[in-house]
There are 2 protein chains.
Amino acid sequence: MSESPVSHEPPIYRRIADGLRARILSGELRDGDRLPGENALMAEHAIARATARQALAVLINEGLAVPKRGSGVYVRLFKPIRRHGSRRLSREQWGQGRAIWDADTRGRPFTVDRVEVVLERATEEVADVLESGEVWVRRRRYSVDSRPVQLATSYFPAHLVQGSAITLADTGPGGVYARLGDLGLPPAHFTEEVRARMPGPRESGLLDLPGGTPVIVIARTAYTSGGLPVELNEMVLDSAAYVLQYDFDA
Amino acid sequence: MSESPVSHEPPIYRRIADGLRARILSGELRDGDRLPGENALMAEHAIARATARQALAVLINEGLAVPKRGSGVYVRLFKPIRRHGSRRLSREQWGQGRAIWDADTRGRPFTVDRVEVVLERATEEVADVLESGEVWVRRRRYSVDSRPVQLATSYFPAHLVQGSAITLADTGPGGVYARLGDLGLPPAHFTEEVRARMPGPRESGLLDLPGGTPVIVIARTAYTSGGLPVELNEMVLDSAAYVLQYDFDA
DNA sequence: AAGTGGTCTAGACCACTCA
DNA sequence: GAGTGGTCTAGACCACTTA
């Protein structure tokens, strides 16, 4: 029960990380600037290699820095794409033959790759939402400025879209929503569920995410005016690349 | 230029992490279960302490596990609160003297603490949005099941709310939106901007976040029917505690 | 070729939890 | 008091980047 007047100072690696963070947030170190590396920190603070690494790991895990093998650790910025919820899905957008995504990138060039269109048995969750045991699944990856920013997987009830262009790689002008319209099933109502978490190794690889970057996961369900669910779209976004915007009335 | 038939196997710590992750995702290890600790991994795989720690750090940084000092590393679940965007702010909610938050917790008890109400000079960003140089600032922390889940900071143009209960700790029945109504400034339109990132040390402390937990940051601006901005609310949510839901029409 | 981060070993002492 | 995770040292070899 001895009184120990220990000052409860944070550990060395934390104090070093705090110092570097302050220099980043104050603007002294700007986006893309090189941070002092492991060797520099070892010399400057007279610490061991592992301790210097630990300090840098703090900033990397906070998403404020990104390591480049063989080169150094660099300050990292937040330059997001603005993604509109309510507004971007307005009928004017897709009713006139334009893809939804256009509204997202605001003129920045984007590309789609790794497109895969297959017929599958629905998982329990998907079957519950779409009220269908068999689904057409469209998987693809979106990139902006040749940087991957989003993975998307769309599910459609097989019996509704069988034979339409939705089952093909190229869905034609206006995308899948225009095709749903052709089928007499235009989406009228949307529900988006949004959460955030750290990526798994697969997502991390496909989106080329540095450590410390969470993903935003959006599950969007599209319903016809009659309340029939016609699409479930699961999107995984690089959180460093996006800001979501939702507008609504009281 | 020698051809090296190296199999590019992932490093030891990654393979161990992959194995543990698989056991978690398969359901073999359930929420709250104890993972093999550092000593167990060292013995089982004949590796050094640091390597075992590194393997566990992967899962901790992915948010799949949470370390308890002196006890062990435990599997961690995702049991979110559902937060409604459009629906929860409908006029019926706050027009009848109920606080907005009620709709969030679905009957689960919640508490507010660390309430702070002060008059401040607006930062540049806040001044831009609210078109006001001086603002009343309301800071508070929300907890559910005595666990902190959200930090919120609301800004009000000082000249609009001066003298109202908005400048007091207790805003009375219906909360600040009811008071804005009393002032003839009922919110009619909302914009929410949503992003996700890793928390800083301050947020990490106030929300008691384990490693590997991102935060969701929501900036909500409330406008009157005339388009006058009357509130800017910056919310920082524990991403492991929330799912956001937005409903809207095409 | 020199410097960087990535991985790993083999120790050490500490604070904390739990039976 | 035994076991746990938290911090730290002092080395080592590797792959990669940059010049």
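You'll find the structure just up there.
The structure displayed is predicted, hence computed values, not measured ones.

Conventions used here
- Residues numbered from 1 in each chain as written.
- Chains lettered and ligands numbered in written order.
- Predicted model: local features only at pLDDT ≥ 70, side-chain atom pairs only at ≥ 80, totals over all residues.
- Heavy atoms only, no water.
- Helix = DSSP H or I, 4+ residues; strand = E, 2+ residues; numbered from the N terminus.
- Buried < 20%, exposed > 50% of the residue type's maximum accessible area, 1.4 Å probe, protein only.
- Contact = heavy atoms within 4.5 Å.
- Areas by Shrake-Rupley, 256 points an atom, 1.4 Å probe, with all protein chains shown as cover.
- Near = heavy atom within 4 Å.
- Polar contact = N/O pair within 3.5 Å; in protein donor to acceptor, adjacent residues only side chain to side chain.
- Phe/Tyr/Trp six-rings, centres within 6.5 Å; stacked < 30°, edge-to-face > 60°.
- Nonpolar A, V, L, I, M, F, W, Y, C, P; charged D, E, K, R; others polar.
- Buried area = accessible area lost by both parts, 1.4 Å probe.
- Salt bridge = Lys/Arg side-chain N within 4 Å of Asp/Glu carboxyl O.
- Pairing = 2+ DSSP bridges.

**Notes on the overall build of chain A**
In terms of helices and strands, chain A carries 9 helices and 10 strands. Looking at the 250 residues of chain A, the share that counts as buried comes to 50%. Intrachain contacts of chain A at a sequence separation of at least 6 include 59% that bridge at least 24 residues. Total accessible area on chain A stands at roughly 12,300 Å², and carbon and sulfur atoms take up 50% of it.

**A closer look at the protein's contact with DNA strand D**
Taken together, 25 residues surround DNA strand D, and among them A:Ile12, A:Tyr13, A:Thr51, B:Asn39 and B:Arg53 come closest. By atom count, sugar and phosphate contribute 75% of the portion of DNA strand D lying within 4 Å of the protein. Contact between DNA strand D and A:Ile12: a phosphate oxygen at 2.7 Å from a main-chain N or O atom of the residue. B:Glu38 is positioned such that a nitrogen or oxygen atom in its backbone is 3.0 Å from a phosphate oxygen of DNA strand D. Those elements that place two or more of their residues in the surface near DNA strand D are helix H1 (12-25) and helix H3 (49-61) of chain A together with helix H2 (38-45), helix H3 (49-61), strand S1 (65-68) and strand S2 (72-75) of chain B. Counting residues per element, the surface near DNA strand D draws most heavily on H3(A), at 4 residues.

**Topic: the packing of aromatic side chains**
By the definition in use, this model includes 7 aromatic pairs over all chains. Measuring from centroid to centroid gives 6.4 Å for A:Tyr246 and B:Phe248, while their planes differ by 50°, and the two rings are tilted. Placement of A:Tyr246 in strand S10 (residues 242-249) and of B:Phe248 in strand S10 (residues 242-249) is noted, with the two residues assigned to different chains. Judged on exposure class, the residue A:Tyr246 and its partner B:Phe248 are both buried. Between the aromatic rings of B:Tyr177 and B:Phe190, the centroid separation amounts to 5.8 Å while the plane-to-plane angle is 90°, which identifies the pairing as edge-to-face. Placement of the pair is B:Tyr177 in helix H8 (residues 175-182) and B:Phe190 in strand S7 (residues 187-197), with a sequence separation of 13 residues.

**Describing the protein's contact with DNA strand C**
Surrounding DNA strand C, one finds 25 residues, the nearest of these being A:Asn39, A:Arg53, B:Ile12, B:Ala48 and B:Thr51. A share of 74% is what sugar and phosphate atoms reach among the atoms of DNA strand C within 4 Å of the protein. One nitrogen or oxygen atom from the side chain of A:Arg53 is found 3.5 Å from a phosphate oxygen belonging to DNA strand C. Within the contact set of DNA strand C, a sugar or linking oxygen lies 3.3 Å away from a backbone nitrogen or oxygen of B:Gly70. At the level of elements, helix H2 (38-45), H3, strand S1 (65-68) and strand S2 (72-75) of chain A together with helix H1 (12-25) and H3 of chain B are the ones that each hand at least two residues to the surface near DNA strand C. Element by element, the count of residues in the surface near DNA strand C is highest for H3(B), at 4 residues. When the residues that make up the surface near DNA strand C are grouped by side-chain class, the tally is 8 nonpolar, 9 polar and 8 charged.

**Here we look at the interface of chain A and chain B**
Contacts between chain A and chain B engage 38 residues on the former and 38 residues on the latter. At the boundary of chain A with chain B, total buried surface from both sides reaches about 3,200 Å², with 59% on carbon and sulfur atoms. Taken together, the links from chain A to chain B amount to 0 salt bridges. Applying the counting criterion to the chain A and chain B interface returns 14 residue pairs in polar contact (both at pLDDT 80 or more). Taken together, the elements giving at least two residues each to the side of chain A that touches chain B come down to helix H4 (91-95), strand S7 (187-197) and S10 of chain A. Here the side of chain A that touches chain B takes 11 residues from S7(A), the largest share from any one element. Across the side of chain A that touches chain B, the residue classes break down as 19 nonpolar, 9 polar and 10 charged. In the sheet, S7(A) pairs with S10(B) via 6 bridges, with the strands oriented antiparallel. Pairing of A:His189 across the sheet is with B:Asp249, part of S10(B).

Geometric values such as these leave the question of function open.
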